[in-house]
Amino acid sequence: MKLEEIQKYVKEHLSEKRYYHSMCVMERSEELAIKYGADIERVKKIGIAHDIAKEMTEQEKLEYVNKNNIKIDETEKENVGLLHAKIGKDIAKKQFGFPDYMGQAIENHTTGNKNMDIYSKILFIADRTSKDRNFEDIKELNKLVDENINEAVLYILDKKIELQIKKKATIHINGIMARNYLLKNK
C-alpha cells in the first residue's frame, strides 16, 4: 500500500492529537533513516502506522487479540495498553500489507526486543524523540542518537525501566532482554 493511503487510513482511525504524533514519528523516522542508511519509504510507513491501535479501548484490545489469535503474556494481560503494539503489527500486516520485519518494528516499539533490526531501532528512537515530545533529557538523548544507535536504544530502555520501577509496575521481559543483549554486545 502506498504511503498516502496509509496516512489516510491512520487519519481516519486516530484522534487529531494521535495522528499528529504519528506524523511527527514518521518525520523523525525519515531523519534517522537518512542518518543510519535505512529505506526511507519503509520507515515512513512504519512511523505513520505505529500507533494505529493505540486509541482502542481496553475491551476492544482484548477482543481483538482473542478474535485474531494473538498470543499475549501475563504482563500484557496486566497492562492491556501494551497490546496496541501487537495489534498494530497485525493491522499493519493485514490492512497495509507490511512484511514481517516492518510489522515487527511496530510490535517492538513499546517494550523493545533483543532482536531489534534497524527498522525497530529507528521507530523505538523516533517514538521517543519526535518533535511533539518534550522530555527533559531530549538533548542528551539526541546526542546519543547522533553518536550510536545502540546506545540511544539502551538509554531509552533504561528510562522506561526506571519509570516502571518508580510506578511500582511490572516490567515486560522483552525490555529487560533487549537491555541485557545490548549491554553484552557493546
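Residues numbered from 1 in each chain as written. Predicted model: local features only at pLDDT ≥ 70, side-chain atom pairs only at ≥ 80, totals over all residues. Heavy atoms only, no water.

## Section: empty space enclosed by the protein
Then comes step 1: Tallied over the full model, the rule gives 1 cavity of 30 Å³ or more.
Then comes step 2: The computed volume of the largest cavity comes to approximately 80 Å³.
Then comes step 3: Together, Glu76, Leu82, Ala85, Lys86, Glu107, Asn108, Thr110, Thr111, Gly112, Asn113, His172 and Asn174 line the largest cavity.
Then comes step 4: Every element with two or more residues in the lining of the largest cavity is listed here: helix H6 (83-96) and helix H7 (100-108).
Then comes step 5: The residue inventory of the lining of the largest cavity, partitioned by class, reads 2 nonpolar, 7 polar and 3 charged. (1 Å grid on protein atoms, 1.4 Å probe; cavity = no way out; pocket = protein on both sides within 12 Å on 5 of 7 lines; lining within 4 Å. Points joined across faces, edges and corners; volume = space filled by probe spheres on them. Helix = DSSP H or I, 4+ residues; strand = E, 2+ residues; numbered from the N terminus. Nonpolar A, V, L, I, M, F, W, Y, C, P; charged D, E, K, R; others polar.)

## Let's talk about the packing of H6 against H7
Then comes step 1: Two elements in contact, H6 and H7, have axes separated by 7 Å at closest approach and are oriented at 155°. Comparing the axis directions of H6 and H7 gives the class roughly antiparallel. Handedness of the crossing formed by H6 with H7: right-handed. Where H6 approaches H7, its residues Ala85, Lys86, Gly88, Lys89, Ala92 and Lys93 are matched on the opposing element by Asp100, Gly103, Gln104, Ile106 and Glu107.
Then comes step 2: Of the residues belonging to the contact of H6 with H7, the class tally is 3 nonpolar, 3 polar and 5 charged. (Axes fitted to C-alpha atoms, helices over the stretch in contact; angles between N-to-C directions. Parallel < 35°, antiparallel > 145°, perpendicular 65-115°, else oblique. Left-handed = near helix turned anticlockwise from the far one by under 90°. Contact = heavy atoms within 4.5 Å.)

## Looking at the side chain of threonine 129
Then comes step 1: Note on placement: threonine 129 falls in helix H8 (residues 118-129).
Then comes step 2: We classify threonine 129 as buried; its relative accessible area is 7%.
Then comes step 3: Looking at threonine 129, its side chain comes within polar contact range of the side chain of arginine 28, at 2.9 Å.
Then comes step 4: With near-sequence residues (within four places) excluded, threonine 129 lies in contact with Arg28, Ile138, Leu141 and Asn142. (Buried < 20%, exposed > 50% of the residue type's maximum accessible area, 1.4 Å probe, protein only. Polar contact = N/O pair within 3.5 Å; in protein donor to acceptor, adjacent residues only side chain to side chain.)

## A short note on a negative patch on the surface
Then comes step 1: A cluster of acidic residues, Glu4, Glu5, Asp39 and Glu41, forms a negative patch at the surface.
Then comes step 2: Among the structural elements, glutamate 5 can be located in helix H1 (residues 3-13). (Patch = residues over 30% accessible without salt bridge, like charges linked within 9 Å, V, L, I, M, F, W, Y side chains within 5 Å. Areas by Shrake-Rupley, 256 points an atom, 1.4 Å probe, with all protein chains shown as cover. Salt bridge = Lys/Arg side-chain N within 4 Å of Asp/Glu carboxyl O. Lys, Arg positive; Asp, Glu negative; His and termini not counted. Charge placed at Lys NZ, Arg CZ, Asp CG, Glu CD.)

## What to know about the nonpolar core
Then comes step 1: Core analysis: the largest hydrophobic core is formed by 50 residues, its most contacted members being Val10, Ile46, Ile48, Phe96, Phe98 and Ile125.
Then comes step 2: Of the residues forming this core, the biggest block, 7 residues, is contributed by helix H10 (residues 149-166). (Core = buried A, V, L, I, M, F, W, Y, C linked by side-chain atoms within 4.5 Å.)

## Topic: the packing of aromatic side chains
Then comes step 1: Summed over the entire model, instances satisfying the criterion amount to 3 aromatic pairs.
Then comes step 2: Considering the side-chain rings of phenylalanine 96 and phenylalanine 98, the 5.7 Å spacing of their centres and the 50° angle between planes classify their relative orientation as tilted.
Then comes step 3: Residue phenylalanine 96 is classed as buried on the basis of its relative accessible area of 3%.
Then comes step 4: Their ring planes at 50° and their centres at 5.3 Å tell us that tyrosine 101 and tyrosine 119 sit as a pair that is tilted. Here tyrosine 101, found in helix H7, pairs with tyrosine 119, found in helix H8; they are 18 residues apart in sequence, far enough to count as distant. (Phe/Tyr/Trp six-rings, centres within 6.5 Å; stacked < 30°, edge-to-face > 60°.)

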